[in-house]
Each structure stands twice: as structure tokens, then as C-alpha cells.
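Residues per chain, in single letters:
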Amino acid sequence: MISFNLLVLVSLLYVAFLFIVAFVAERRAALGKTGWLRSSAIYTLSLSIYCTAWTFYGAVGYAARSGLEFLTIYLGPTLVMIGWWWLVRKLVRIGRAQRLTSIADLISSRFGKSTGLGVMVTVLAIIGITPYIALQLQSVTQSIAVFAAGSGEVWAQRDLDGAAMWVAIGLAVFTVVFGTRNLDAHERHDGIVLAIAVEAVVKLFALIAVGIFVVWGVAGGVGATMDLIDASAQSQWAPSPSRWIGLIFVSGAAFLCLPRMFQVLVVENSDERALGTASWAFPTYLMLMSLFVVPIAVVGLDLMPEGSNPDLFVVTLPLSEGREGLAILAFLGGFSSATSMVIVATLALATMVSNHIVAPSWLTSRTTGAAVSGDVRGVVVASRRIAIGVIMTLGYIYFRLSGGGTALAAIGLVSFTGIMQVLPAMIGGVFWRGANRWGAGAGIAIGFAVWAWTQFLPSFGIDGVISQAVFDNGPFGINWLRPHALFGIEGIDPLVHVAFWSMLLNSGAVVLVSVLTFPNPLERLQGAQFVNVYDYSSDARAWSQSAAQAEDLLVMTQRILGSAEAQTVFRAEAQMQGKSGFLPDVTPDFIGKLEREMSGSIGAAAAHAMIGQLTEGATVSVDDLMAVADETAQIVEYSNQLEAKSAEQERTARALREANDKLTALSIQKDAFLSQISHELRTPMTSIRSFSDILRDGEVDGDARRRFAGIIHDETNRLTRLLDDLLDLGVLESGQVQLNIGEGTLADVIDRAVLASGIDETKVSISRRANAEAVTLSTDMDRLSQVFINLISNVAKYCDADEPELRIIVRPMDGQLAVDFCDNGTGVPQESQSVIFEKFSRLEDEGKAGGAGLGLAICRQIMTAIGGGIAYLPGQGGAAFRVTIPTD
Amino acid sequence: MGQRVLLIEDEPNIIEAVSYILSRDGWTVHTHSDGETAIEKVMQGVPDLIILDVMLPGRSGYDILRDLRAAAETKDTPVMMLTARGQAKDRELAIGLGATQFMTKPFSNAEVLESVRALAGS
């Protein structure tokens with residue numbers, strides 16, 4: 001048989017190795033070389049402290065007793081990591097944003113930094129976790145006992161309890177050394193994390209090694225193992241759905257609520273992205289851990305003598321087969337599972353004790369309000385070290401008292417359901433702004449009571465704490481309070497019973513009491529920051545605390561005082577402290593100075609609140625918050641006004657831009673118009689001037705002189721007409737035209753127009769219908785006539801047919817009178833039809849006709865003025881215009 | 001003398017006036033009143049001087065000038081631009097395109113004669 005001394009030596013060497021690993025990690029972290037130390041692989045492995053000795057040894061025992069039910073313990077966390085990934089991420093983000101140190105801190109902080117809630121959760125956790133720590137000590141002791149029994153060394157058998165004590169002391173020392181080295185509460189523990197990551201590998205490796213040995217070395221391969229499993233009683237086992245769901249729920253909830261899980265999952269998390277890896281890698285780890293559980297259980301039951309403890313099959317099976325090396329490896333695996341859990345759980349609990357029980361009571365016992373001072377830190381660290389010792393001692397005492405009689409898994413489940421009572425307050429606090437401290441407190445209290453009454457106290461056994469009579473008839477004969485049949489509902493599995501009633505009453509209390517009571521302002525503020533954490537924390541950066549505070553303060557101060565000013569203040573302080581650069585140690589003096597500097601800029605209340613938010617331990621008073629809220633409201637109001645103003649300015653600017661564009665366009669139009677007028681005026685003036693020069697020279701004969709004088713005369717008339725047209729158009733366009741309404745027949749107007757146009761009726765034949773034109777009109781006869789003259793003379797000018805014809809067709813149309821003027825020329829080209837009513841739109845080809853291109857523009861203005869219209873009619877086989885005249 | 005001047009202008013009265021004074025001064029005056037076919041007309045027999053109106057039916061005087069300056073036959077032919085739009089930018093445009101002389105309507109006969117003599121004589 002193996003030498004017991006060898007086992008002790010190997011264990012000590014292993015412990016020494018862990019010390020070295022942790023020490024190296026701490027050194028690297030201190031030097032800032034945190035690279036792989038904070039990788040997602042290490043993070044995932046550190047999560048494996050979920051797998052304690054309960055899972056390492058206990059899962060096999062569980063499987064031996066209850067078949068596949070042990071899987072639920074793995075399924076809960078797996079579902080959380082995969083399905084509730086977003087919840088874990090939110091917790092991590094909140095933990096980062098709020099610098100949370102523990103699950104108690106989460107609850108306390110969320111509900112207005114409530115001291116009472118912090119104490120409640122801490123007490124609940126200690127009561128729930130102490131048995132669990134005892135369980136780990138027990139498992140180590142039991143596994144040592146296996147070796148001791150075989151070794152024949154009397155001292156070893158006699159002093160097993162002593163072994164447990166030495167293990168407890170060793171773990172306490174390790175935790176104190178690596179858990180409280182740093183003064184700051186939310187510093188990461190790189191040493192501990194790396195050590196438990198190493199232990200995670202060791203326990204996985206050990207369990208798989210044993211599993212492979214059992215399947216291939218003992219059972220004789222996969223097929224043989226399967227036959228054994230089929231033949232075993234375990235294969236007959238059928239799951240109870242309610243118990244499965246209950247167990248999965250409990251283990252999932254515990255995964256989120258267990259202090260040690262919160263420690264590694266949230267507090268030690270250095271990078272949110274590591275969660276992405278962990279969400280698949282951790283379930284994979286759990287899967288590997290559970291792979292060989294059933295084979296080991298079945299083969300163990302088959303081979304080991306009747307009455308052997310199945311919880312220890314992992315060690316006893318290799319031993320019985322003479323594989324001592326493998327047995328030692330298995331022992332180290334179990335040892336790793338136990339120690340890693342104890343270390344982190346103790347650390348987490350000690351943090352809770354020192355932060356939520358010791359520090360608040362120490363502070364209230366002091367009159368000075370120096371919230372941030374070296375004194376407090378000294379007290380915190382000392383209390384944390386003492387708490388580690390006390391908790392370890394409690395675990396040891398519990399272990400001694402319980403005598404190691406209870407099956408491992410049962411203790412684990414008691415612990416799980418106990419700590420699960422935090423869940424409703426946590427979920428409510430993270431997702432529901434309405435949740436408040438009264439609700440959270442009521443929920444936890446009721447849940448705790450139900451758990452204690454229906455599971456924790458009964459776990460000491462019948463007549464342990466609760467007598468058989470109370471189990472049967474309820475306390476004081478109150479039947480509906482029987483521990484396993486609350487409200488008289490019997491026959492439920494005890495675990496489902498406690499999970500169901502405690503969660504129902506707990507959640508109900510959280511919701512109901514929160515609805516019925518009112519939160520204080522700090523709670524409202526914290527509630528918003530927790531529930532809307534993604535709005536409040538844009539960046540999840542990793543901070544090194546001592547530097548981070550100074551850096552945070554500098555960043556904030558720069559925002560308020562400006563960079564140069566802020567850097568001067570910080571550099572001066574750093575020099576005073578004998579440091580280079582501008583990140584001084586954050587001392588109370590310095591904080592006071594900063595607060596004074598900043599209050600000059602933003603007001604005392606705001607400065608106090610902002611500094612308070614950044615410096616640890618300082619709480620913001622309600623008065624401060626109200627003052628901040630007032631100032632903030634003013635700022636919000638002011639910025640809203642600014643926003644409104646700037647929106648208005650933008651509108652004005654846009655309107656100005658549009659006006660400017662319009663003016664520019666108008667200016668371009670004006671330039672083009674003037675340029676056109678210039679051309680139209682200068683052309684006849686050129687002829688007049690040139691011919692008058694010639695005439696003045698006097699060397700011109702009589703005929704030529706008469707001809708030139710005629711040209712001058714015509715060009716003068718042309719100029720006059722142009723000016724008349726321009727003036728006319730100006731009046732019409734300005735809308736100030738005076739209409740001279742008179743009565744007359746359409747035939748009369750057309751007669752006058754034909755006459756006035758000067759058209760030669762021997763060259764252009766005009767066809768008209770007398771009876772259609774016998775319509776009496778009431779309009780401005782002169783203006784209408786002007787339009788007709790224009791249209792008729794256009795025919796004379798532009799109709800290019802050999803025998804020009806003009807047809808004037810009159811017909812009533814839509815309550816108006818339509819008068820069409822159609823000739824038989826080529827008409828207006830399609831591309832020009834849209835512009836002929838614009839000023840100076842004289843078509844280039846028709847330039848010879850001498851018009852300035854104002855006629856149709858004037859016609860359109862006239863027809864608009866008298867309430868009618870004029871349009872070009874395409875497709876009439878020539879130029880065709882329709883004039884519409886109102887007839888009523 | 002007897003040098004040839006080509007007048008490209010669309011206003012009949014102006015054609016008559018300019019032709020009259022130049023003929024009287026001894027020049028051989030050819031006229032053309034369409035923008036589109038002006039280049040063809042020039043190329044039928046490059047004159048000693050071209051008087052070119054800006055606003056022509058079919059094609060603007062500026063475009064015609066650009067083509068004249070691009071063609072080997074006419075790149076050195078003196079061109080006097082006439083325009084009824086007397087703005088500074090019109091003058092700049094014309095000179096920039098290579099016009100030898102720029103004259104704004106209405107002009108005095110003496111001015112025209114003087115310029116024509118100066119350009120064709122050079």
C-alpha cells in the first residue's frame with residue numbers, strides 16, 4: 001500500500017506549487033504584465049470553482065444513488081451561461097460600473113447603499129456557505145482517511161480531525177496572503193485566480209484520467225462499460241420531471257448568487273469579452289467533468305464491496321486496483337476542487353463581512369466623517385483577515401459538529417437553495433427600476449425564513465433541531481406550517497417544496513412590497529444606473545484601482561477646470577508627494593482640495609457629489625443629490641433652450657440660404673433680361689446712328705436719302721413699340737393693371753383686331769363663323785383685342801405656308817369661351833412650345849420678323865388678368881393658340 | 001485697295017449700313033446672315049477681314065470665332081466682333097477667344113472705318 005507520508009509530501013508539494021503559481025501571478029500583475037493572466041481562458045477556468053469537491057467526489061456518489069439526476073447540477077449553470085448570457089453580461093457590466101465587491105454589495109448598492117440589506121445578505125451567505133466549506137474539509141479528510149486506512153500508520157488514523165484543521169489553517173493562510181495583499185477592495189486577485197485556474201486543470205485531468213482508467217482499464221472498454229451500465233440499477237432510474245426542473249433551476253440560480261461565483265464571474269472579470277468565450281467553454285468544461293461520472297459510479301458499485309461510500313469511488317477504485325499513482329492524482333483533483341472553492345468562498349465572505357458589517361459599524365462609531373482615509377483601509381484589511389480566519393473556523397467547527405454524517409450532495413443543495421434567496425432581489429434590482437429596498441428586504445427575509453424552516457433546520461435531521469412532532473403536526477400544532485408540507489400541501493419532493501415556496505413567497509414579497517412602498521432618492525438613482533447600465537457605462541475598461549482613482553479624478557477635473565488648470569493642480573500635488581508626473585496618491589487632503597477647486601466651477605453640491613462618486617467609501621447624502629438634481633435640471637433646461645435656439649437658428653439660416661438662392665436666381669434672370677433689352681434697344685439704334693451718319697456726310701443721292709430716312713423712321717417706331725411693350729409688361733407683371741370692363745360681341749373684337757393687325761387679307765385668307773362669334777362679352781375689350789392682334793399679326797409674320805390661312809374657331813368650353821387661332825404653317829417646334837410665353841423667347845429662326853419676343857408674354861399676362869387663359873395647341877397641323885375667355 | 005471684308009450679321013438694316021460705308025471706302029464687302037453656315041462661307045474664300053456679330057441665328061459669334069481660330073486658314077485673319085450687349089465680360093470673352101477688335105453697337109461709322117483700315121492694313 002501507498003505510504004501515507006508520501007501522500008502528505010505530495011500534498012505539501014502541491015500546495016507549495018500553488019503558492020508559487022499565485023506568487024508569480026501576483027508579481028506579474030504588480031509589474032503590469034497582466035496579458036494572459038486576464039485572458040478569457042483563465043477566466044473560464046476560474047469559473048470552474050463551481051465544481052467543488054461536491055461535484056468531484058459527490059457527483060459519482062450522486063449518480064450511484066440517484067442515477068442521472070446529478071446532471072441537473074451541471075445543466076443549471078450551462079443554461080445560464082448559454083441562455084442567460086445577457087443577464088451575466090449585465091451583471092458584469094454593473095459590477096464594473098459600480099465597482100461591486102460582492103453579491104451583498106450588489107444588493108446593498110442597488111437598493112440605495114442600504115447597510116441593512118448588506119448585512120442581511122452577508123448573514124444569509126455565511127449561514128448558507130459555512131456548511132459548504134465544512135463539506136469541503138470533510139471531503140478532503142475523508143479522502144485522506146482512505147489512504148490512512150490503507151497505510152496502517154496509527155497516527156494518521158487517529159489524527160484525521162487534526163488533518164482537517166491543518167488543511168483549514170493552510171487554506172486560511174493562503175487566502176489571507178493572496179486575498180488581502182492589496183488594500184483595495186475591488187482589486188483583482190490575479191494570484192488566486194491563476195491558482196484556481198491551475199486547480200481547474202488538475203481536477204479535470206484527474207477525473208478524466210480516473211474515468212479512462214475505469215472504462216478501459218477496469219471495465220474493459222466502452223462496450224463492456226455500456227453493458228455494465230445497462231445491467232445496473234441506475235439504468236432503471238426514471239427522472240421525476242418536477243425534481244429535474246427544480247434542481248436545474250436551483251443550480252442555475254445558485255450559479256448566479258453564490259458569493260464565490262459572483263467573485264470570479266463579476267468581481268475578478270477584467271474583460272467583458274471573456275464572457276463570450278466562457279459562454280461556450282465553461283459548459284464544455286462541465287460536460288467533460290460529467291463525462292465519466294456514470295461509468296465510475298456503475299463500475300464502483302459493481303466492484304467495490306457492499307457499503308463502500310460511493311462519494312469516494314474516484315479514489316478508492318484506483319486504490320483497489322493497485323493504481324496508487326492514479327489514486328494520488330485523483331486525491332489531488334479532489335483536493336483542488338475543495339481548496340479552490342474554500343479559498344474563493346472564504347475570500348468572498350470575508351469581503352462581505354468587512355465591507356458590510358465591520359466597516360459600517362466602525363464608521364458609525366466614529367464621529368469624524370473622513371470616509372476616505374488610510375484608517376478605514378487599515379480597518380477593512382484587518383477585518384478581512386480576521387473574517388477569513390473566523391469563517392474558516394466556523395467551517396471547521398461545523399465540520400466537527402456535523403460529524404461528516406450527511407451525504408455530500410445534500411449539504412450542497414441546502415447551500416444552493418439558501419443562497420438562491422438573493423435571486424429575486426437581484427433580478428428585480430437589475431431589471432426593474434420599481435424594485436426598492438423594502439421589497440428586497442422583505443423578499444430575502446421571507447425566502448430565508450422559508451428556507452430555514454423547510455430545508456436548513458430539517459437538514460440537521462429529525463430531532464436534530466426540529467422534533468418529529470413538529471414535522472408531523474407543525475409548530476405549536478399549526479398544521480399548515482409543517483416543514484415539508486407548507487400550507488397543507490403534501491407529497492411534494494422536499495427540494496421542489498423548498499424551491500417552489502421560497503421562490504414564490506420571496507418574489508411575491510419583492511414585487512408586492514416594492515409596489516406598496518416608496519424608494520428614497522438614492523435608490524432611484526442607483527436603480528436607474530443598474531437597470532440602464534448600458535446607457536451609463538459606455539466603456540468597460542479595466543482599471544488598476546490606485547492609479548485609476550487618480551486618473552478618474554484627473555479626467556473629471558479636466559472636464560471641469562480645463563486641461564491646463566487641472567494638470568497644474570495634479571502636478572503640484574504629485575510634486576508635494578515627491579512623485580513625478582501628474583498622478584498623485586489620492587489622499588483625503590487632496591480630495592478636499594480638489595473639491596474646493598471644483599466647487600468654484602460647478603457649485604459645492606455638485607463637486608461633493610462628483611468627488612463622492614469617484615472616491616471609495618464616500619456616500620452621497622440625499623441633500624447632495626437633491627442639490628445635484630436641481631443643478632442638473634437647470635442645466636438640462638438650459639441646454640434644451642440652447643437646443644431650441646440652435647434649431648431656430650438653423651431654420652433661419654436655411655430660410656436665408658433659400659432667399660439668397662432665390663435672389664441669386666433672380667439676379668441671373670435680371671442680368672439676362674437687361675442683356676436682352678440692351679440687345680433689343682441697341683440693334684435699331686445702331687441702324688439709326690449709322691444711317692444718320694451717312695445722311696450727315698451729305699454725299700448721298702435723293703433716292704438713297706429717302707430710303708435711309710425711311711429706315712431711320714421704321715427703326716424709331718420699332719424702338720417705341722419695344723418700349724411700349726416693356727412698360728406694358730411691367731404693369732401687367734406687377735399686377736397693378738387697371739381693367740376697363742365693357743360690353744361687346746366677340747365678332748366686333750375680332751373685326752377690330754384683324755383691322756388693327758394690318759394683315760393683308762389678300763395674302764392670308766381668314767375663315768370665321770359669324771353665328772359662333774355672336775356672343776356678348778363683358779370684359780376689357782381693348783386688352784382682349786390686343787391679344788387677338790398679337791396672334792393675328794404672328795400669323796402674318798411667321799406662317800410659312802405658300803397660301804397662308806387663318807381659321808378662327810369659337811366654341812363654348814367648360815363654362816368659358818374658347819377661341820382658337822390656327823394657321824397652316826409648320827407651327828412651333830415641340831421643344832419650343834413650352835417657352836414661347838416667356839419674355840424674349842423669340843425663336844431664333846424667326847428673328848427676321850423683327851419682334852422682340854414680348855408679344856406672347858404680354859398676351860399671357862393679359863389673359864391672366866382678365867380671368868381667362870392662353871395656351872398653345874399642339875398637333876393642329878400648324879401654329880394654333882387657344883384663348884379662353886370667361887363668359888359669366 | 002480692293003481688299004475683301006466679310007460681314008456676318010443678321011440684322012438687314014445694319015448689313016445695309018455697314019456695306020454702304022465700307023463699299024464707299026473702297027472695300028469689297030461680302031455679307032452672310034446665318035450663324036450655322038458662317039464657317040462654310042468663310043472657307044469658300046478667306047477674306048482679309050471678318051466682321052462678326054455675336055447674336056446670330058443658328059450659332060453664336062463666339063463659337064464661330066473659336067472655330068476660326070482653330071482652323072489653319074483663318075487663325076491669323078483679323079476678326080472684328082460686333083455686339084449689342086455692351087458688357088465688360090462680353091469684351092473679355094471675345095478677346096480671350098482671339099478677337100482682334102471688339103466693337104459695341106451702336107457705333108459711329110468713323111469708328112468702323114478706322115478700325116477696318118487699321119486691321120486690314122496691318
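None of these values were measured; they are calculated from a predicted model.

Calculation notes
- Residues numbered from 1 in each chain as written.
- Chains lettered and ligands numbered in written order.
- Predicted model: local features only at pLDDT ≥ 70, side-chain atom pairs only at ≥ 80, totals over all residues.
- Helix = DSSP H or I, 4+ residues; strand = E, 2+ residues; numbered from the N terminus.
- Buried ≥ 20, exposed ≤ 12 C-beta atoms within 10 Å, placed from the backbone.
- Contact = placed C-beta atoms within 7 Å.
- Pairing = 2+ DSSP bridges.
- Axes fitted to C-alpha atoms, helices over the stretch in contact; angles between N-to-C directions.
- Core = buried A, V, L, I, M, F, W, Y, C linked by C-beta atoms within 7 Å.
- pLDDT = per-residue confidence, 0-100.
- Right-handed = clockwise from strand over helix to strand, strands pointing away.
- Expected span 1.5 Å × (residues − 1).
- Bend = angle between axes of the 7 residues up to and from the residue.
- Parallel < 35°, antiparallel > 145°, perpendicular 65-115°, else oblique.
- Left-handed = near helix turned anticlockwise from the far one by under 90°.

If you tally the helices and strands in chain A, you get 35 helices and 7 strands. Of all 888 residues assigned to chain A, the portion counted as buried reaches 43%. Long-range contacts, defined here as pairs at least 24 residues apart, represent 78% of the contacts in chain A between residues at least 6 apart.

A tally of helices and strands in chain B yields 5 helices and 5 strands. Mapped in sequence order, the helices and strands of chain B form the string β-α-β-α-β-α-β-α-β-α. Of the contacts made within chain B by residues no fewer than 6 positions apart, 57% connect residues no fewer than 24 positions apart.

Moving on, we get to the sheet that holds strand E2 (residues 28–32) of chain B. All names here are of chain B. Taking strand neighbours across the sheet as the criterion, the 5 strands line up as E2-E1-E3-E4-E5 in an open arrangement whose pairing is parallel. Of all strands in the sheet, those bounded by a partner on one side alone are E2 and strand E5 (101–104). Direction aside, the axes of adjacent strands within the sheet are offset by 20° on average. Sheet topology places strand E1 (residues 4–8) next to strand E3 (residues 49–53); 4 bridges connect them, and they run parallel. Bridge assignment links Leu 6 to a residue of E3, and that residue is Ile 50. Contacting E1, E2 and E3, helix H1 (residues 12–24) runs over the sheet at an angle of about 165° to E2.

In this assembly, 18 residues from chain A lie in contact with 18 residues from chain B. Among the elements that make up the side of chain A that touches chain B, the one with the highest residue count is helix H30 (residues 622–697) of chain A (13 residues).

This next bit is on unusual backbone geometry. Lys 105 of chain B connects to Pro 106 of chain B through a cis peptide bond whose omega is -5°. One can find Pro 106 of chain B in the loop between E5 and helix H5 (109–121). Look at Asp 814 of chain A: it is not a glycine, yet its phi comes out positive at around 50°. In this structure, Asp 814 of chain A sits in the loop between strand E4 (805–813) and strand E5 (816–823).

Our next topic: the nonpolar core. Residue and element names in this part refer to chain A. One finds Ile 107, Val 210, Cys 257, Ile 296 and Val 314 to be the most contacted residues of the largest nonpolar core, which totals 174 residues. In terms of residue count, helix H17 (residues 324–365) provides more of this core than any other element does, 20 residues in total. Membership of the second largest hydrophobic core comes to 39 residues, among which are Ile 759, Val 764, Val 819 and Val 883.

What follows deals with the confidence of the model for chain A. Residue and element names in this part refer to chain A. Averaged over chain A, the pLDDT score is 78; the fraction of residues at 70 or greater is 81%. In this model residues 367–374 is a low-confidence stretch, pLDDT under 50, and it forms 11 contacts with partners more than four residues away in sequence or in other chains. Confidence drops under a pLDDT of 50 for residues 537–548, and excluding neighbours within four residues, the segment shows 14 contacts in the predicted structure.

What follows concerns the sheet that holds E5 of chain A. All names here are of chain A. Read across the sheet, 5 strands follow the order E2-E4-E5-E7-E6 without closing on themselves; strand pairing throughout is mixed. Every interior strand has two partners, whereas the edge strands, strand E2 (765–767) and strand E6 (869–872), have only one. The average angle at which neighbouring strand axes cross in this sheet is 15°, direction not considered. Alignment of E4 against E5, held across 8 bridges, turns out to be antiparallel. For Pro 812, the partnering residue across the bridge sits in E5 and is Leu 817.

With that out of the way, let us pick up the pairing of E2 of chain B. All names here are of chain B. Alignment of E1 against E2, held across 5 bridges, turns out to be parallel. Looking at the pairing, Ile 8 lines up with His 32 of E2. With respect to chirality, the unit in which E1 leads through H1 into the neighbouring parallel E2 is right-handed.

This part covers helix H14 (residues 274–291) of chain A. Residue and element names in this part refer to chain A. For H14, which comprises 18 residues, the first-to-last C-alpha distance of 25 Å matches the rise-based estimate of 26 Å (1.5 Å per residue) to within 8%. Where H14 bends most, the angle comes to about 30°, and this point is Trp 280, followed within four residues by the proline Pro 283. Those residues of H14 that sit buried are Ala 274, Leu 275, Ala 278, Phe 282, Tyr 285, Leu 286, Met 289 and Ser 290. Buried residues along H14 sit against helix H2 (40–47), helix H3 (53–66), helix H4 (71–83), helix H5 (85–98), helix H10 (190–219) and helix H15 (293–303).

With 96% of its residues at a pLDDT of at least 70, chain B reaches an overall mean of 87. At the level of chain-chain contacts, confidence expressed as ipTM amounts to 0.92, with global pTM at 0.54.

All names here are of chain A. Tracing the sequence through the fold places Ala 219 in helix H10. Taking the C-alpha atoms as reference points, Ala 219 and Pro 295, separated by 76 residues in sequence, lie 8.8 Å from one another. The residues touching Ala 219, leaving out its near neighbours within four places in the chain, are Val 214, Ala 224, Thr 225, Leu 228, Pro 295 and Val 299.

On to the environment of Val 214 of chain A, then. Residue and element names in this part refer to chain A. Along the chain, Val 214 falls in helix H10. Since 25 C-beta atoms lie within 10 Å of it, Val 214 is described here as buried. Expressed as a C-alpha distance, the spacing of Val 214 and Val 299, which sit 85 residues apart in the sequence, is 7.2 Å. Ignoring sequence-local partners within four residues, the contact set of Val 214 consists of Ala 219, Phe 292, Pro 295, Ile 296, Val 299 and Leu 317.

With that out of the way, let us pick up the packing of H10 of chain A against H15 of chain A. Residues and elements named next belong to chain A. In the contact formed by H10 and H15, the axes pass within 9 Å of each other and the chain directions differ by 45°. Here H10 is positioned oblique relative to H15, judged by the angle of their axes. As H10 packs across H15, the resulting crossing turns out to be left-handed. Residues Val 210, Gly 211, Val 214, Val 215, Val 218 and Ala 219 of H10 lie in contact with H15, whose contacting residues are Pro 295, Ile 296, Val 299 and Leu 303.

Attention now goes to helix H34 (residues 781–798) of chain A. In an α-helix, one turn spans 3.6 residues, which is why side chains three or four residues apart end up on the same side. Between its first and last C-alpha, H34 of chain A extends 26 Å over 18 residues, near the 26 Å set by a 1.5 Å rise per residue. For H34 of chain A, the full list of buried residues reads Arg 783, Leu 784, Ser 785, Val 787, Phe 788, Ile 789, Asn 790, Leu 791, Ile 792, Asn 794, Val 795 and Tyr 798 of chain A.

Moving on, we come to the environment of Asp 311 of chain A. Residues and elements named next belong to chain A. Following the sequence through the fold, Asp 311 ends up in the loop between H15 and helix H16 (313–320). Overall, Asp 311 belongs to the buried group, with 27 C-beta atoms counted inside 10 Å. Through-space distance from the C-alpha of Asp 311 to that of Tyr 62 is 7.5 Å; in sequence the pair is 249 residues apart.

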